[in-house]
Each structure stands twice: as C-alpha cells, then as structure tokens.
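# Residue-level structure breakdown
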Amino acid sequence: MNAATSAPTSAPTSAPTSAPTSAATSATTTASPIEIKAHVLEKAKTESLISPRFYTTDYAAMDRIDVSSLRAEWDTMLAEYEGDNNHDHFTRDDSFAAEIKTLPPELHQEFLDFLVSSITSEYSGCVLYNEIRKNVSNPDMKALMTYLTRDESRHANFINMSLRDYGIPVDLQALKATKAYTYFKPKYIFYATYLSEKIGYARYITIYRQLEKHPELRFHPIFKWFERWCNDEFRHGESFALIMRAQPHLLKGFNLLWIRFFLVAVYATMFVRDHTRPMLHQAMGLDADSYDYRVFDITSEITKQVFPLSLNTNAATFRAGLNRLLKARQQFDAGAARGGVVGKLQQAAAAVSGAVNFVRLYLHPVKRHDLPQQIRVAPAW
C-alpha cells in the first residue's frame, strides 16, 4: 500500500505475484531443493522456546486503553504514520535479483532460517495488530493498529519475495491457520512487543552499519533496505512506549517483575538463537557475542524511555549465565538428535539446566533509573 489511508483491512495471504523467481536456480546447495523447501517450511511451523510465536489478547481491555494524558505526543505520532515516509521503500529495483549470488551450503541454510524466523515474527505482528484493529472501537487503538498492520504486512511480503527467489515462499495464510496462538494480557503484549520492536531496530541498524562500512561483505541485497526498514520498527516501539507511559501503573510495583522477566526472556532468546547461526554472522564480519552485546547496549539505552530498570548485560556474571543457557540449549538439541531413552534423559537434564540458569539471570542485579520527562527518542544509532 502506498499511503496510510489505503492501509490493508486484513493481513495479506501471500507475497506479491510479481516477485522474481530467476534467482532460484542460482541458489543451490548440496541438499536437494525439495529437502531445503521441506526444512524451511517446517521451520516456519515449528514451536519452540526460541521460535517466534503468534498471539491473541483481551480485546475488551485493549479497547479501554486511554492515551489522553499524552494527547499531543500521540497525535504527533499518528501524523507520522499518516505521512508514511516508507510507502515507496519496500519495492525492489532491477538490480535486486542481479545481486543474489550462490552461497556456501551452510551459509545458505542459515540465511534461509534467518529469513523464515524474520517473516514469522513480522507476520505474527501483522496478524495480532489486525485482530486488535478488527475487535476494538477505541479510535486511538484502531488507528494505531491499522498503521501497524500496514507496516508489518509490507515487511512480511518483502521477506517473502526473497524466499520466493529461492523457490520457497511461505504460505502466510496457511501459517496463520497452523501456528499455535499464545494468549497474552494486554500488558504482556505491550512489554513483549515494545521490546521486540526496539531490539529489532537495534539488530537491523547494527547489521546495516556493519555492511555500510564493509559493502564487500553484503552477500544479499535485502540488507540494503535495513536502514529505513528498522525506522519502522523504531516508530512501532515508540507507540507502545507512549501507551505504557500513559498507563503508569504498568511501570511500577509488581509489574516491575514482569518487565524484568520480559527483558531477560527477549535478550536470552536472541542470544541463544543468534549462536545457532555462526556462518551468517561470520559472513557479515560479525562476531555473534560482540554483535549481541552491541544490540543489548542499544536496546537498553532506548528502553530507559519507559522501563525504570535495565539489565546489566556487561557484567561478567550475566554473560556467563547467557553462555550456560546456550550450552543447555546445545545439550538439549544434541539429546533430540540422539533420540531414544538416553536422548530423552539428556533433553530433560538440559531443560532443567536451562530453567535454573534462566532463573539465575532473572535474579541477577539490575540497573535502576528514573524515567525521563521527554518520552520519545530518535533513532540516532
């Protein structure tokens, strides 16, 4: 869609039919195309602790959200959505397909996994926002969710075009129908989605800046779109920041424990997931540890606008905890691969180890700070 006024009334069911397919034959690996397609499509449907999820919520409670205490800031933000400065960004030029190159088998597989995880995350947001839009009458929430649906549908379809290049487009309508849905109260949606949008910005801008300095390492043209793309994510996070600041009870008392939980869960999930893709980071000249901690630093700085606490991700003890969590995940996967009784016992032991180490990360001392009077921040990284 080219303008805010023409935002979709429902999430698109598939990628645009104009997506080129010529690159598919040049992107082969040692695995057969059928095996690769089966793996990728199964990855999209897989439910695990580190896979993106689909959500539903309490629409009546969402309908009662009141942002009138921040009316000026809210209306300014909606005007930005209306302006739609990215309406022409998610369009591929002729050079896009020409830049797609054959990748080494391991990098090819990790890149496909990255695209599938990304499209699942983007589309889950699209579905959630669209369902909220359809089930509320609150004009502020309805307007916001319409714009968010528009943006996330663009993102998902743009990624799907790249999957189509490899002959593996994801059937988004089927994904919507087959994925399990997790019920979250609105406040959990706010905490989780705010963090997801802000950490998404930090991830994309860090990759973009790295490849801006080293264009020779840009092995796929999609990365050239990341700068303006991640500004969408940043603005989405700003929306949820305003919602939470307009409901101050969400940011104090017992709710601080939930904020702490979601911070640990989102950071730990990212750390573990990124370390399953070593070739992807290596190809971009990134060390997974350094990349993740850079993303954590950016995200923690941004979230000071709304969260009165942040994780001390630079502490040696916190980093050691993440490494133990990663090791538990690796042991769990090894048990799954081994199978049988011994494999199941190995998985059980790894699950206990992972749970214990997650609790230790949760109890790790945090940084506390006052909330700023100026709520909104600019994407300055």
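### Observations regarding the packing of helix α8 (residues 186-213) against helix α12 (residues 288-302)
Two elements in contact, α8 and α12, have axes whose closest approach is 9 Å; the angle formed by their N-to-C orientations is 130 degrees. By the angle between their axes, α8 is oblique relative to α12. Handedness of the crossing formed by α8 with α12: right-handed. Two secondary-structure elements touch here, α8 through Y194, L195, K198, I199, Y201, A202, R203, I205, T206 and I207 and α12 through Y291, R294, V295, F296, I298, T299 and I302. Taken together, the residues of the contact of α8 with α12 sort by class into 12 nonpolar, two polar and three charged.

### Regarding the environment of A156
For A156, the position within the fold is in helix α6 (residues 139-165). Under the relative-accessibility criterion, A156 is labelled buried at 0%. For the pair formed by A156 and G125, sequence separation is 31 residues and the distance between their alpha carbons is 9.6 Å. The contacts of A156, once residues within four sequence positions are left out, are I119, E122, Y123 and L172.

### Thoughts on the environment of Q282
If you trace the backbone, Q282 turns up in helix α11 (residues 278-283). Relative accessible area serves as the criterion here: at 57%, Q282 is assigned to the exposed category. Along the backbone, Q282 and L217 are 65 residues apart, and their C-alpha atoms lie at a distance of 9.5 Å.

### Section: the nonpolar core
Judged by nonpolar contacts, the single largest core of 105 residues is most densely connected at F111, F223 and F307. The element that contributes the greatest number of residues to this core is α8, accounting for 15 residues. Ignoring sequence-local partners within four residues, the contact set of F111 consists of L103, Y166, F219, H220, I222, F223 and L280.

### Section: the side chain of Q305
Residue placement: Q305 occurs in the loop between α12 and β3 (309-311). Residue Q305 is classed as buried on the basis of its relative accessible area of 2%. Ignoring anything within four residues of it in the chain, the contact list for Q305 reads Y194, K198, E238, A241, R245, L371, P372, I375, R376 and V377.

### A closer look at the environment of M161
Its location among the elements puts M161 in helix α6. By relative accessible area, M161 is classed as buried at 10%.

### Comments concerning the pattern of salt bridges
Two side chains bearing opposite charge may form a pair once their charged atoms approach each other closely. Taken as a whole and judged by the stated rule, the model has 20 salt bridges. Here E80 makes a salt bridge to R235, at a shortest N to O gap of 3.5 Å. In this pair, E80 is assigned in helix α3 (residues 71-83) and R235 in helix α9 (residues 226-245), connecting sequence segments 155 residues apart. Of the residues examined, E80 reaches a relative accessible area of 29% and is grouped as partly exposed. Ionic pairing is found between R209 and E227, a salt bridge with its closest N-O pair at 3.3 Å. Separated by 18 residues along the polypeptide, R209 in helix α8 and E227 in helix α9 bring together distant segments of the chain. According to the relative accessible area criterion, R209 is partly exposed, its value standing at 28%. One salt-bridge network, in which partners are shared between bridges, spans E80, K198, D232, R235, E238 and R376.

Criteria and thresholds
Residues numbered from 1 in each chain as written. Predicted model: local features only at pLDDT ≥ 70, side-chain atom pairs only at ≥ 80, totals over all residues. Heavy atoms only, no water. Axes fitted to C-alpha atoms, helices over the stretch in contact; angles between N-to-C directions. Helix = DSSP H or I, 4+ residues; strand = E, 2+ residues; numbered from the N terminus. Parallel < 35°, antiparallel > 145°, perpendicular 65-115°, else oblique. Left-handed = near helix turned anticlockwise from the far one by under 90°. Contact = heavy atoms within 4.5 Å. Nonpolar A, V, L, I, M, F, W, Y, C, P; charged D, E, K, R; others polar. Buried < 20%, exposed > 50% of the residue type's maximum accessible area, 1.4 Å probe, protein only. Core = buried A, V, L, I, M, F, W, Y, C linked by side-chain atoms within 4.5 Å. Salt bridge = Lys/Arg side-chain N within 4 Å of Asp/Glu carboxyl O.

No statement about biological role is implied by the geometric values presented.
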